[in-house]
Amino acid sequence: MSTRRHFLASSIAAAHAPLLAQGASRPNVIIVLTDDQGYGDISAHGNPVIKTPNMDKLHGESVRFTDFHSAPMCTPTRGQLMSGVDALRNKACSVTAGRAVLRRDLPTMANVFRDSGYGTGVFGKWHLGDSYPYRPMDRGFETAKYHLGFGMSSAPEFDNDYQNGRYHDNGVEKRFDGYCTDFWFSEAMSWMGRQQQSGKPFFCYLPTNVPHGPAWVAAKYSDPYQRDKLPAGFFGMVANLDENLGKLDQFLVKSGLRDNTIVIFMTDNGATAGAPVFNAGMRGRKTMLYEGGHRVPCFVRWPKGNLSQPSAIDYPGQMQDWLPTLIDLCSLKAPSAAKFDGASLAPLLRGKAGMPDRMLVVQYGQVPKKWESNVIWNQWRLVNGKELYDFRANPAEDRDLASANPDVVARMRAHYERWWASVEPGVQEPEPVAVIGSPHESPTKLCSADWWEIYADNPGHVSNAVGGTKGAPWYVAVAESGTYEIELARWPFNLMLPLSAAREPLRLTYGSLPAGKAMPIAGAKLKAGTAAEISAPAAPGAKSITLRVKLEKTARTPLHAWFTGANGEDVCGVFYARVRKV
């Protein structure tokens, strides 16, 4: 079985699904991708507590892939969706640690739609790079309204709020009114209306940052679940999200867009806060390689698209399949050199039989290691290269059948060996997290979320100065040789706190951030590429330290900065930096 598929594979599949007739109206496409909502967090999937009437309605109107897989964490899922390429190959294989940016040379779904004459817009969570050239408007989205990092309270959005918070509008920081999910949906619908008026088909990517924690939402949504130790805030965020999905459907009906719009609803990884309540009988949750960590809902509705009647399909699918599938369904221009790990599912959506037998590999990681994976083959799941489960007979995955099925294990291990050989050469090569000195962005902002191979992205990481006494380097590309000014800070620049100060608890609309730790910072050191290490003291009460260094143009170099104490001892990494060419 081939482990990589050239676009030719997609074209072959398209033979089963006739392309749009010349001059036919091209469909619009909306992808709704929710954050940290598990397969079981939908009432149509059997959840006995949560109420999701609009998700249930879409479920009933859709062709549903019931054996569909994401990565066990969000950035790898998003990178695979946008590129059609496996996470370890496209470089966006973790949520942080310098591995949360998508290879610059890969075309994205937005590039493909834009180059085929579609309007392209993203509204919500991007999480594939905060700096040039990885921002959504650098990757094919003409309109990009998004937040940074994993969302509110992440290192780049440390003090941001779900209510009346900050967002970026094609790179320009602005503020939104109301609740974030309401804002993303409202902006998306307004934009779709403008696209309709212009006569242009559109691709709307609506990746919400909910119900990812912190679980902050208005009481009217969480109060119905304030009982029996339920995750009330989490379920409340799902309730608000479901309400917005209903508003989206009403908009599509009233605007006349519904019948010729492909709506795809998915979630970005397995269960989180809702797992103890209901996880559809599955073992595992977010971050785990067992089924509950990466099996996700996938609903597809296109009323006038000649799809099958609403029904369930148990053929194994993955996020990487969507780009070749949409190329087929929408008759898009495929990039000439595109190589996808996914395959087109268009024949299945059209009710055609005869899809090839396939094996999928689910793997991600901050420091990826061989065999830390799940190989999927029909009903079989090979976990960590040695545990074998028949998922359809045993969704709880508590009966290891490896010893009873050595031939199955051998075939699945052989597939993984071939796959690993194809990705392993590039696994340890960092993708620069930013290009500094570019006219497209100045200053370039860096934070601890992108330290190489250290996880320092959550509010507790920043507040408690985790990451050891030196943190870790950022890998960057240098656009032009010259002198660079690098400003270093312990706290987000907008907080204007002294380097050595503690931070008071921060009260936000529906929640709060705990106090932050004071660090005995008296100076800073910087090691940039092959240049000599330099240092500077902190002025009394200083909020940052600025150093200058000469850098040569290069495709990749480490930039490592850390703080020191009064006796020159290493204290902690630099959590925030601004870089500009002088």
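Residues numbered from 1 in each chain as written. Predicted model: local features only at pLDDT ≥ 70, side-chain atom pairs only at ≥ 80, totals over all residues. Heavy atoms only, no water.

(A) Inspection of the overall build of the protein chain at higher detail. If you tally the helices and strands in the protein chain, you get 12 helices and 30 strands. For 582 residues, the compact-globule formula gives about 25 Å, and the C-alpha radius of gyration of the protein chain, at 24 Å, lands near that figure. Split into buried and exposed, the 582 residues of the protein chain put 63% on the buried side. In the protein chain, the proportion of contacts linking residues at least 24 apart, taken out of those at least 6 apart, comes to 70%. Accessible surface, the protein chain: about 20700 Å² in total, of which carbon and sulfur atoms supply 51%. (Helix = DSSP H or I, 4+ residues; strand = E, 2+ residues; numbered from the N terminus. Rg over C-alpha atoms; globule rule 2.2 N^0.38 Å. Buried < 20%, exposed > 50% of the residue type's maximum accessible area, 1.4 Å probe, protein only. Contact = heavy atoms within 4.5 Å. Areas by Shrake-Rupley, 256 points an atom, 1.4 Å probe, with all protein chains shown as cover.)

(B) Seen up close, the packing of aromatic side chains. Within the structure shown, the criterion is met by 27 aromatic pairs. A ring pair is formed by Y162 and W216, whose centres lie 5.6 Å apart and whose planes are at 70 degrees; its orientation type is edge-to-face. One end of the pair, Y162, is in the loop between strand 6 (143-147) and strand 7 (166-169); the other, W216, is in the loop between strand 9 (202-207) and helix 7 (219-222), and 54 residues separate them in sequence. The rings of F113, Y118, W126, F141, F203 and Y205 are connected pair by pair, giving a single aromatic cluster. Lying across the ring of W562, K470 places its NZ or CZ 4.1 Å from the centre. (Phe/Tyr/Trp six-rings, centres within 6.5 Å; stacked < 30°, edge-to-face > 60°. Lys NZ or Arg CZ within 6 Å of the ring centre and 35° of its normal.)

(C) Representation of the pattern of salt bridges within the structure. Tallied over the full model, the rule gives 36 salt bridges. Notably, a salt bridge pairs E453 with R99, separated by 2.8 Å at the nearest N-O pair. You can see E453 sitting in the loop between strand 20 (444-447) and helix 12 (459-463) and its partner R99 sitting in the loop between helix 4 (87-90) and helix 5 (109-115), a full 354 residues away along the chain. Given a relative accessible area of 25%, E453 falls into the partly exposed group. Its relative accessible area of 3% is what places R99 among the buried residues. As a salt-bridge pair, R358 and D321 come within 2.9 Å of each other at their nearest N and O atoms. (Salt bridge = Lys/Arg side-chain N within 4 Å of Asp/Glu carboxyl O.)

(D) Region of interest: the packing of helix 2 (residues 53-61) against helix 8 (residues 232-255). At a minimum axis separation of 7 Å, helix 2 and helix 8 run at an interaxial angle of 50 degrees. The angle between helix 2 and helix 8 places the two elements in the oblique class. Listed contacts from helix 8 to P53, N54, M55, K57 and L58 of helix 2 are V238, L241, D242, E243, L245, G246 and D249. Across the contact of helix 2 with helix 8, the residue classes break down as six nonpolar, two polar and four charged. (Axes fitted to C-alpha atoms, helices over the stretch in contact; angles between N-to-C directions. Parallel < 35°, antiparallel > 145°, perpendicular 65-115°, else oblique. Nonpolar A, V, L, I, M, F, W, Y, C, P; charged D, E, K, R; others polar.)

(E) Up close: helix 3 (residues 74-83). Counted residue by residue, helix 3 has 10 buried out of 10 residues, so it is predominantly covered. All of the buried residues in helix 3 are C74, T75, P76, T77, R78, G79, Q80, L81, M82 and S83.

(F) Unusual backbone geometry, seen in detail. Look at the link from Y132 to P133: it is a cis peptide, with omega at 5 degrees. Tracing the sequence through the fold places P133 in the loop between strand 5 (119-125) and strand 6. Each neighbour pair has its own omega, and for S442 with P443 the value is 0 degrees, a cis peptide bond. By the secondary structure assignment, P443 is in the loop between strand 19 (435-436) and strand 20. The phi torsion at N164 lies on the positive side, around 55 degrees, for a residue other than glycine.

(G) Fine view of the environment of L488. Of note, L488 is situated in strand 22 (residues 482-489). Sequence-wise, L488 and D41 are 447 residues apart; in three dimensions their C-alpha atoms are separated by 42 Å. Setting aside its immediate chain neighbours within four residues, L488 contacts L499, A524, K543, S544, I545, L547, A561, F563, V574, Y576 and A577.

(H) Expanded view of the pairing of strand 26 (residues 534-537). Note that strand 25 (residues 523-528) and strand 26 share four bridges and pair antiparallel. Bridge assignment links K525 to a residue of strand 26, and that residue is S535. (Pairing = 2+ DSSP bridges.)

(I) Local environment of the environment of K550. Its location among the elements puts K550 in strand 27 (residues 545-551). We classify K550 as exposed; its relative accessible area is 67%.

(J) Up close: the sheet that holds strand 2 (residues 28-34). Pairing in this open sheet of 10 strands is mixed, and the strands run 8-7-6-5-9-2-10-11-3-12 from one edge to the other. What marks the edges here is a single partner per strand, and that holds for strand 8 (172-175) and strand 12 (311-313). Going from strand to strand, the sheet's axes swing by 15 degrees on average, the running direction of each strand aside. One ladder, built from five bridges, connects strand 5 with strand 6; its direction is parallel. What sits directly across from K125, in strand 6, is H147. The strands touched by helix 3 are strand 2, strand 5, strand 9 and strand 10 (261-267); relative to strand 9, the strand with the most contacts, the crossing angle is about 170 degrees. Most of the contacts of helix 9 (residues 322-329) go to strand 10, to which it runs at about 170 degrees, and overall it touches strand 2, strand 10 and strand 11 (298-301).

(K) Just the packing of helix 6 (residues 180-198) against helix 8, in detail. Taken N-terminus to C-terminus, the directions of helix 6 and helix 8 make an angle of 15 degrees; their axes are 10 Å apart at the nearest point. Comparing the axis directions of helix 6 and helix 8 gives the class roughly parallel. The handedness of the crossing between helix 6 and helix 8 comes out as right-handed. Residues T181, D182, F185, M189, M192, G193 and Q196 of helix 6 form the contact with helix 8, whose participating residues are N240, L241, N244, L245, K247, L248, F251 and S255. (Left-handed = near helix turned anticlockwise from the far one by under 90°.)

(L) Expanded view of the sheet that holds strand 20. With antiparallel pairing, four strands are arranged side by side in an open sheet as 20-30-22-27. Sheet topology places strand 20 and strand 27 at the edges, where each strand pairs with a single neighbour. Strand after strand, the sheet turns through a mean of 25 degrees between neighbouring axes, direction not considered. Strand direction decides the pairing type here: strand 22 and strand 27, joined by seven bridges, are antiparallel. Paired with I486 across the strands is L547, a residue of strand 27.

(M) Structural view of the confidence of the model for the protein chain. Looking at the protein chain, pLDDT values average 95 and 96% of them are 70 or higher. Under a pLDDT of 50 for its full length, residues 1-23 has, in the predicted model, 48 contacts with residues more than four places off or in other chains. (pLDDT = per-residue confidence, 0-100.)

(N) Just the side chain of N90, in detail. Considering the arrangement of structural elements, one finds N90 in helix 4. A distance of 2.8 Å separates a polar atom in the side chain of N90 from the backbone oxygen of V85. With residues up to four places along the chain from it excluded, the contact list for N90 reads G79, Q80, S83, V85, V101, L102, R103 and L106. (Polar contact = N/O pair within 3.5 Å; in protein donor to acceptor, adjacent residues only side chain to side chain.)

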